[in-house]
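The lines below spell out each chain.
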Amino acid sequence: MTRAATAPAERLFSYDFTVLTLAATFGFCNIAIFYGFASYLERLGIDPAWRGLLLGAEPLAAFCLRPFLSVLVTPRNALAVARSALLAMGAALCCYQFARGVGPILGVRLFHGLAFVCLVSAVIVLLSRVIPPKIAGRAFGYFSLSALVPYAVMPPLTEWLLPRLGSEDRAYAACSLLVVPGLALLVPLGRRLGRRAMAGVSGTGRPSLADLRQDLALPAVRLILLANLFVF
């Protein structure tokens, strides 16, 4: 009797995948906390004509920078980018306490958007190295929860914090502590990935703008991007 050759089952919830998903979750928590930002601007006395711009400044920064980050962030530098982005998000949350006028708030919002899109871009790049191709669909399905769960958790948590801290900007600063577990989880990730994901593997180099244009020329890619636009 011969033993049938069977390939080992590919594991989805590895340490690498779990850590990257949690890091993204902590990042989205820093965005979901702004569900009441319009009311906060009203209490600051910001002119209604500026509130829409200040609300949209954070995603606008992410929208404008994402195409460039798609070229600049690679598996070689993605982990460093993720760590820096988490630190920058924590700093941005603390800066809301000192931003009172339209200009300072706009600056903080743009900086916050830059940090957020850097984090998400870096995490996606790293995920592409650690997820087994055969279960990529299931993996990204679970990863999408990192963007959904914070919007269910942060509003009630913030409402609990507000009476105890006294204002939204203090609640934002308190939630900057969420970057600490994210940074802690990323520490061993660098050693685990090592050369396996950072060097010596095809596809770790920086893509060119021509590569990006070639991908965007594919009808399937354009349709997926358009569908995501309508969903969001």
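Just so it is clear, the model here is predicted, and its values are computed rather than measured. (Residues numbered from 1 in each chain as written. Predicted model: local features only at pLDDT ≥ 70, side-chain atom pairs only at ≥ 80, totals over all residues. Heavy atoms only, no water.)

## A closer look at the overall build of the protein
The helix and strand inventory of the protein stands at eleven helices and zero strands. Secondary structure of the protein in N-to-C order comes out as α-α-α-α-α-α-α-α-α-α-α. In the protein, which comprises 232 residues, the proportion classed as buried is 40%. Intrachain contacts of the protein at a sequence separation of at least 6 include 84% that bridge at least 24 residues. With the model as given, the accessible surface of the protein reaches about 12900 Å², and the carbon-plus-sulfur share is 68%. (Helix = DSSP H or I, 4+ residues; strand = E, 2+ residues; numbered from the N terminus. Buried < 20%, exposed > 50% of the residue type's maximum accessible area, 1.4 Å probe, protein only. Contact = heavy atoms within 4.5 Å. Areas by Shrake-Rupley, 256 points an atom, 1.4 Å probe, with all protein chains shown as cover.)

## Some words on the packing of aromatic side chains
Scanning all chains against the criterion turns up ten aromatic pairs. Look at Phe 28 and Phe 116: their rings are 5.1 Å apart centre to centre, the planes differ by 80 degrees, and that puts the pair in the edge-to-face class. Pair noted here: Phe 28 is in helix α1 (residues 15-32) and Phe 116 is in helix α5 (residues 102-130), with a separation of 88 residues, a long-range link. We classify Phe 116 as buried; its relative accessible area is 12%. Ring geometry for Phe 37 versus Tyr 40: centroids 5.8 Å apart, planes at 35 degrees, classification tilted. Pair noted here: Phe 37 and Tyr 40 are both in helix α2 (residues 37-44), with a separation of three residues, about one helical turn. We classify Tyr 40 as buried; its relative accessible area is 4%. A connected cluster of aromatic rings, assembled from ring pairs, spans Phe 34, Phe 37, Tyr 40, Tyr 96 and Tyr 172. Against the face of Phe 34 rests Arg 109, its NZ or CZ located 5.0 Å from the ring centre. (Phe/Tyr/Trp six-rings, centres within 6.5 Å; stacked < 30°, edge-to-face > 60°. Lys NZ or Arg CZ within 6 Å of the ring centre and 35° of its normal.)

## A closer look at the environment of Leu 93
Relative to the helices and strands, Leu 93 is located in helix α4 (residues 78-95). Taking C-alpha positions, Leu 93 is 9.4 Å from Arg 109, a pair spaced 16 residues apart along the chain. Those residues in contact with Leu 93, other than ones at most four positions away along the chain, are Asn 30, Phe 34, His 112, Asp 169, Tyr 172, Ala 173, Cys 175 and Ser 176.

## Thoughts on the pattern of salt bridges
Per the counting criterion, the structure on display carries two salt bridges. Notably, a salt bridge pairs Glu 168 with Arg 43, separated by 1.9 Å at the nearest N-O pair. Taken together, the residues span a long stretch of sequence, with Glu 168 in helix α8 (residues 168-175) and Arg 43 in helix α2 at a distance of 125 residues. Note that Asp 169 and Arg 100 form a salt bridge whose closest N and O atoms lie 2.7 Å from each other. Of this pair, Asp 169 sits in helix α8 while Arg 100 is found in the loop between α4 and α5, placing the two residues 69 residues apart along the sequence. Overall, the relative accessible area of 5% leaves Asp 169 in the buried class. In this structure Arg 100 comes out as partly exposed when scored by relative accessible area, which is 38%. (Salt bridge = Lys/Arg side-chain N within 4 Å of Asp/Glu carboxyl O.)

## Some points on helix α7 (residues 145-165)
A rise of 1.5 Å per residue sets the reference length of α7, with its 21 residues, at 30 Å; its end C-alpha atoms lie 29 Å apart and thus fit the reference within 8%. Along α7, the helix axis deviates most sharply at Met 154, where the bend reaches about 30 degrees; the proline Pro 155 sits within four residues downstream. By the burial criterion, the buried members of α7 are Ser 146, Pro 150, Met 154, Pro 155, Thr 158, Leu 161 and Leu 162. As for α7, its buried residues are in contact with α1, α6 (136-143) and α8. (Expected span 1.5 Å × (residues − 1). Bend = angle between axes of the 7 residues up to and from the residue.)

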